[in-house]
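# A closer look at the structure
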Amino acid sequence: MSDQSNSPQPTLQTGEELYGFKVLRIKTFPEIRVTAYEIEHKKTGAKVLHLHSFDRENLYAIGFRTPPSDSTGLPHILEHSVLAGSEKYPLKDVFKELMRSTLQTFINAFTYPDKTIYPVASQIKKDFFNLARVYTDLVLHPRMLKETFLQEGHHLEFTTPDDLASDLIISGIVYNEMKGAYSSSDSLIYKVLQENVYPDSVYAFDSGGDPDVIPTLTYEQFREFHRTYYSPTNTRFFIYGDITTSEHLVFLSEMLSGFERVEIDSSIKSQNRLTAPRVIRNTYPIGKDESLRHKTMANIAWMMSDNTDYETSLILEIISALLVGSAASPLRKALIDSGLGEDLTPVSGIEADLKQLMFCVGLRNAQSSDVQKIEKLIFDTLQNIVENGFDNELIEGVLHQVEFHGKEIVRGSYPYGIALMGNVFQTWLYDGDPLIGLDFPLAIKNIRERWTVDPQIFQKMTKQWFVDNPHRVLAIMEPDADFNDKKEKTYQNKMAEFKSSLPESKLAQINAQAKELKKFQSEQDSPQAAATIPKLKLEDIPKSIDTIPTQNSLIRDVPALEHDIFTNGIAYVDLAFDIAHVPEELQPYLPLMGKIITGMGAAGFSYEEMAKRIALKMGGLGYDLSTGFSADAGSTWQKVIISFNALYRNLPDAINILSDIIFASDLSAEARMKDLISERKNNLQSAIVPSGHIFAKMAAGAALTVPAYRDEQWHGRTQLKFIQNIANDFGRSKQDLRDKLELLRKIIFNRENLVINLTAEDAGLKIVKDNIPELLDRLPASVTAKTEAKPSLFPVSAGISIPAQVSYVAYVLKTPAYTDQASALLMISAKELSNNYLYKHIRVQGGAYGGMSSFDQSLGLFSFLSYRDPHIVETLQIFKDAQAFYSQNEISIGDMEKAIISTIGMVDKPLDPAGRGYIALIRSFAGINDDMRQKLRNGILSATPRKLKNALVDYFSLATKSASVAVYSAPEKLNEANKRLEEKLVMENLSDE
Ligand SMILES: [Zn+2]
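In this convention, every chain numbers its residues from 1, walking through the sequence in written order. Whole-chain, interface and lining totals are the exception, using all residues; otherwise, since this is a predicted model, local features are given only for residues with pLDDT of at least 70 and side-chain atom pairs are given and counted only at 80 or more. Neither water nor hydrogens contribute to the side-chain values; these are computed over all heavy atoms in the structure.

### Observations regarding the overall build of the protein
- For the protein, the helix and strand inventory stands at 34 helices and 29 strands.
- For the protein, whose C-alpha radius of gyration is 28 Å, the value lies close to the compact-globule estimate of 30 Å for 993 residues.
- Principal-axis analysis of the C-alpha atoms gives the protein an extent of 80 × 65 × 65 Å.
- Per-residue burial over the protein gives 61% buried out of 993 residues.
- Within the protein, contacts between residues separated by at least 24 positions form 81% of all contacts whose residues are at least 6 apart in sequence.
- Surface exposure of the protein reaches about 37,600 Å², of which carbon and sulfur atoms provide 51%.
- For the purpose of charge, His is not counted, nor are the chain termini; Lys and Arg are scored as positive and Asp and Glu as negative. Throughout, a charge is located at the NZ atom of Lys, the CZ atom of Arg, the CG atom of Asp or the CD atom of Glu. Positive and negative side-chain charges in the protein, numbering 106 and 127 respectively, have mean positions lying 1 Å apart. A run of DSSP states H or I qualifies as a helix once it reaches four residues; a run of E qualifies as a strand once it reaches two. Both are numbered from the N-terminal end. This radius of gyration counts C-alpha atoms alone. The globule rule is 2.2 Å times how many residues there are, raised to the power 0.38. Relative accessible area decides the class of each residue, using a 1.4 Å probe on protein chains only: under 20% of the type maximum gives buried, over 50% gives exposed, and in between gives partly exposed. The criterion used for residue contact is that any of the two residues' heavy atoms lie within 4.5 Å. Reported accessibility uses the Shrake-Rupley method at a 1.4 Å probe radius. Residues are deemed covered only where the shown protein chains occlude them.

### Some remarks on the nonpolar core
- For our purposes a nonpolar core is just a set of buried Ala, Val, Leu, Ile, Met, Phe, Trp, Tyr and Cys residues, chained together by side-chain atoms within 4.5 Å. Formed by 120 residues in total, the largest nonpolar core has its most connected members in Leu51, Tyr60, Tyr118, Tyr135 and Phe238.
- Broken down by element, the residue count for this core peaks at 9 residues, all from helix H3 (residues 125-140).
- With 86 residues, the next largest nonpolar core counts Leu684, Ile747, Ala760 and Val768 among its residues.

### A short note on the coordination of the zinc ion
- Water is not part of the atom set, so a site may look incomplete; the donors themselves are N, O and S atoms within 2.8 Å of the metal, or 3.2 Å for Na, K and Ca. With distances of 2.1 to 2.7 Å, the protein atoms coordinating the zinc ion are His76 (NE2), His80 (NE2), Glu177 (OE) and Glu177 (OE).
- Think of it this way: with four donors and all angles in the 85 to 135 degree range, the site is tetrahedral; with four or six donors, opposite ones beyond 155 degrees and the rest between 65 and 115, it is square planar or octahedral; otherwise it is irregular. Around the zinc ion sit 4 donor atoms; with metal-centred angles ranging over 53 to 153°, the donor geometry is irregular.

### A word on the pattern of salt bridges
- The working definition used for a salt bridge is a side-chain nitrogen of Lys or Arg within 4 Å of a carboxyl oxygen of Asp or Glu. One pass over the full model with this rule turns up 66 salt bridges.
- With a shortest N-O distance of 3.6 Å, Asp856 and Lys697 are connected by a salt bridge. Here the residue Asp856 occupies a position in strand E26 (residues 850-856), and Lys697 occupies one in helix H23 (residues 692-701), the gap between them amounting to 159 residues. Like Asp856, the residue Lys697 is buried in the burial classification.

### A short note on empty space enclosed by the protein
- A pocket here means an open set of points on a 1 Å grid, computed over the protein atoms alone, that has protein on both sides within 12 Å along at least five of seven lines. A cavity is instead a set of points where a 1.4 Å probe fits but cannot get out; residues with an atom within 4 Å of a point line either one. Grid points are joined across faces, edges and corners, and a volume is the space filled by probe spheres set on the points. Across all of its chains, the model carries 2 cavities of 30 Å³ or more by this definition.
- One number sums up the size of the largest cavity: a volume of about 60 Å³.
- As for the largest cavity, its lining consists of Gln151, His155, Glu157, Ser171, Lys518, Gln521, Val844, Gln845, Gly846 and Gly847.
- Where the lining of the largest cavity is concerned, the elements lending two or more residues are strand E9 (155-158), helix H17 (504-522) and helix H28 (822-845).
- Computed from the structure, the second largest cavity encloses a volume of approximately 40 Å³.
- Lining the second largest cavity are Ser81, Ala84, Gly85, Leu91, Lys92, Arg143, Met144, Leu145 and Thr148.
- Note that Gly is not counted as nonpolar here; it falls among the polar residues with everything else outside the nonpolar set of Ala, Val, Leu, Ile, Met, Phe, Trp, Tyr, Cys and Pro and the charged set of Asp, Glu, Lys and Arg. Of the residues contributing to the lining of the second largest cavity, the split by class is 4 nonpolar, 3 polar and 2 charged.

### Focus on the sheet that holds strand E19 (residues 558-564)
- With mixed pairing, the 6 strands of this open sheet are ordered in space as E18-E19-E23-E20-E22-E21. Where the open sheet ends on each side, the last strands, each with one partner, are strand E18 (551-555) and strand E21 (620-629). For this sheet, the mean inter-axis angle between neighbouring strands, taken without regard to orientation, is 25°.
- As defined by bridge partners, E18 adjoins E19 across 5 bridges and the pair is classed as antiparallel. Bridging across to E19, Leu554 finds its partner in Pro559. Strand pairing follows a simple DSSP-based rule, namely that at least 2 bridges must link the two strands. The axes are straight lines fitted to the C-alpha atoms, using for helices just the contacting stretch, and the angles between their N-to-C directions are given from 0 to 180°.

### Some thoughts on helix H13 (residues 416-428)
- The end-to-end C-alpha separation of H13 is 18 Å, in line with the 18 Å expected for 13 residues at 1.5 Å each.
- Three or more residues of H13 are buried, namely Tyr416, Gly417, Ile418, Leu420, Met421, Val424, Phe425, Thr427 and Trp428.
- On its buried face, H13 sits against strand E4 (47-52), strand E5 (58-65), strand E6 (104-107), strand E8 (115-122), strand E11 (235-241) and helix H12 (392-407). Given a helix with a known number of residues, its expected span is that number minus one, times 1.5 Å.

### Details of the pairing of strand E3 (residues 34-41)
- With respect to burial, E3 is a largely interior element, 7 of its 8 residues being buried.
- Across 8 bridges, the pairing between strand E2 (residues 21-29) and E3 is antiparallel. Within the sheet, the bridge partner assigned to Thr28 lies in E3 and is Thr35.
- Following E2, the chain reverses through 4 residues before pairing antiparallel with E3; Arg33 in that reversal takes a positive phi of roughly 55°.
- Across 6 bridges, E3 lies against E4 in antiparallel orientation. Paired with Ala36 across the strands is Leu51, a residue of E4.
- Joining the antiparallel neighbours E3 and E4 is a turn of 5 residues, in which Gly45 adopts a positive phi near 85°.

### Topic: the sheet that holds strand E29 (residues 986-989)
- Read across the sheet, 6 strands follow the order E26-E27-E25-E28-E24-E29 without closing on themselves; strand pairing throughout is mixed. In this open sheet, the two edge strands, each paired with only one partner strand, are E26 and E29. The sheet shows a mean angle of 15° between the axes of neighbouring strands, taken without regard to direction.
- Where strand E25 (residues 807-814) lies against strand E28 (residues 964-969), 5 bridges are found, and the strand directions are antiparallel. Paired with Val812 across the strands is Ser964, a residue of E28.

### A few points about the packing of aromatic side chains
- Any two rings among Phe, Tyr and Trp, with Trp reduced to its six-membered ring, count as a pair given centres within 6.5 Å; such a pair is stacked if its planes are under 30 degrees apart, edge-to-face if over 60, and tilted if neither. Throughout the structure, instances matching the rule amount to 42 aromatic pairs.
- With a centroid separation of 5.0 Å and 75° between ring planes, the pair formed by Tyr198 and Tyr203 is classed as edge-to-face.
- An angle of 55° between the planes, with centres 5.8 Å apart, marks the rings of Trp302 and Phe379 as tilted. Placement of Trp302 in strand E13 (residues 296-306) and of Phe379 in helix H11 (residues 371-388) is noted, with a sequence separation of 77 residues between them.
- Here Trp302 falls in the buried class, since its relative accessible area comes to 0%.

### Describing the pairing of strand E23 (residues 754-760)
- Burial of E23 is extensive: 7 of the 7 residues sit out of reach of the surface.
- Residues Leu754, Ile756, Leu758 and Ala760 line one face of E23 and the alternating positions Val755, Asn757 and Thr759 line the opposite face, and both faces are buried.
- Pairing of strand E20 (residues 570-578) with E23, which is carried by 6 bridges, proceeds in the antiparallel orientation. What sits directly across from Asp574, in E23, is Asn757.

### Some remarks on unusual backbone geometry
- Backbone geometry at Tyr19 places phi at a positive 55°, although glycine is not the residue there.
- Phi is positive for Arg33, which is not a glycine, with a value near 55°.
- Given a relative accessible area of 13%, Arg33 falls into the buried group.

### A look at the packing of helix H22 (residues 670-687) against helix H25 (residues 717-728)
- Look at H22 against H25: their axes get within 9 Å of each other, and the N-to-C directions meet at 145°. H22 and H25 meet at a crossing whose hand is left-handed. Contacts between H22 and H25 pair Ile677, Arg680, Lys681, Leu684 and Gln685 from the former with Gln719, Leu720, Ile723, Gln724, Ile726 and Ala727 from the latter.
- Here the contact of H22 with H25 is built from residues that sort into 6 nonpolar, 3 polar and 2 charged. Definitions for this section: a left-handed crossing has its near helix turned counterclockwise from the far helix by less than a right angle. A right-handed crossing has that turn clockwise.

### Structural notes on H25
- Between its terminal C-alpha atoms H25 stretches 16 Å, which fits the 16 Å expected from 12 residues at 1.5 Å a residue.
- Residues of H25 that are buried include every one of Arg717, Gln719, Leu720, Phe722, Ile723, Gln724, Ile726 and Ala727, and no others.

Taken by themselves, the reported measurements are silent on function.
Below is the structure:
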């Protein structure tokens, strides 16, 4: 192994010219082990940035500046459409083909307010260059067929094809996607702020598309936008990973050959500073039965400095963290303690992805008449800070967080390279220094120096950019129970009027065009077209599983798992306590227990002091409730897992803090407890519209297995209703709540229940093991009585009404055990369904944003799901048709290979160090060992169309007998569906009275 504790050795020289490129600059960043190359393509002026590292998950991203000039969603529709196909790869949907036939670890496209980025990543070099090659061709030479524009953008169709008397409607994937976005209060607030803080810039438009404006976009405009902005001259290539720079340049020179430099002005103009504050009033949708009281949201947003002025930006980001970043933040605290609203709005904080920074802060669930009081409170608090300064420990805590997060290797659902890319584009897009944000040790050093020279720097900047800054907007959002109805009615009237204005012949033409589109969508690509996509062979796929180093040990008498993994000087500690024996009536309290004990004061420290200690010594502190079946499905397990991470030097202090939280958290501070409950309630509530399919899956799954029942009880609508009751009844129930939490603490926190999981390098592991016994000694040895709580389950058909313009449909079945032979085949079939049948019928033809299937052995669920879907009944029918299709037909060898590759891609998804340690812990609970994992992999690799079909015939015929259905949608849509459904949905309402 090479020395990976430093940056890779530079392989080129500044000023060097090769393959038509010139190396402009080389810089090493030892703290993140990266050597950066800033390069330009001489002929076209294309900019290239390569961050060379030791990471084998290589990332390639093509970025364009794409400033919109209206809200038709042009950049967004283009983003969807270029990935459909190019002259060289003339398929109908190349993106989908890449997704299902490569070992991509990430493939996506993002439309931002001013740029569009197309990233792909893979751990296999051959696969990486295949992906990069196709992606580059797609964006630079797309076919941009009219059909693609109609499908992705907007088109007209009749609700009943061929029936010209039926309603005329607008459909399109982006159109429906944005209808979903415009139903979410969080995205609406953000949109209103952005539009009004930057009224004269490109940010006044919605690059994603306003559903009311999308239908005005023409095919010609769409093609023109591509001609203007998608040229190499306007391109920034961001590349990250362990492949050498020269290999990338050889590849890029081929991709860019034939292009010339073009004249283009895509620069993002700055918004002129406003000289007086503005006030904006707007509305957002809530449920019909919801009370309108205490539902106002008031936000203030300021426009700040230019993003390219890095040091000012960083200080403003620090001030933002000081003001609202933690429970100890004075502005957050003042707002919450005031009781004027329930909690901060989710947009609170700094937005650094725009040319000029924006800071927002606001309260949600306030009274309309209190808006002025809120505004005054915000300014009084800021003024007070300007006069008296920030607490020094708070500042130290924020600086520690900057250092910690700069160092930490994180890969959640995004590759680590994506995080670095985001950082780079913040300055690079506006012609600033792309590397400046990567050098966080230098940045912290500079800021510390400025702080030493001028101890008042943070308060002075608060005065300049907040108190004395007139460029600000007060946005007041009022609830409107008729919001969606009004929108729907206006739309229907408009469409009816439009329809009546058209002659019969025109209607017939629309119908014919819609039918042609459907025909286009259902046609198969020709084998010649399909063969153009470079493919991996099954031989290219690694045959064996990736293992995670794990050492079993005992610390005192407590079992521990130790994972010696490179973590860049950070230790990850998980304490997992068994909760299977927690009595049924206490189970719903478990999520609150985590939220409350980690958020209250402890051991004589107030909650603000605890928040400060945590920010100063830990990178993060969290808790998770996790459950699942054992590998053979013979039993289930349930755990609460308390996790924290810290730099090695801070481990002893961090362990002390955790100890205080577990043993001495103080449940007496009533106001704080109430705030934490509201915060949890609101977060859960606003999570529904953005991830309705997950909620629908939880609701349906809860009827089938105990782990899924718990998942719904802890994280689904059952938990939301539970917490709504607690919040509404807090005055009367608080003592009872406290008693229950105390009881839980007694039942859960003891040594017999505990497993410790440690992830760090050897040096870090040692420090934890030296310090954690002190915590263990404080834990009582054992519990008294153990009983296992068992809820009773039965299939459901639930229609859950929410204020949304689109639906989320889930149809869920029970799965066999992990070790069952069918598991590998069901995993493959979930991938095949998602990539093929459901994608085609629900997304491409149905116009939903997503149609997918998932196989979740842990919860024991096989699911069919739709996301932001205009249909309910049709979608449920498609789920049934899909089962029939796969039970009757063998898929082709080609489809089989792709399904195998994408299944392996999912299994091999890379994890960050914390994720690797964590998953090893979860596997240990399920009793899943490497032998079983290898068997499952062999089962995937040896699957055949015949085996798949046979497995599915057996599985579907049996499992569908106890299928469970849940739909989240608007009440009118649910009622409409019930008129046509044989098995009626049992209606439920989620609104908070
Ligand atoms: Zn989209």
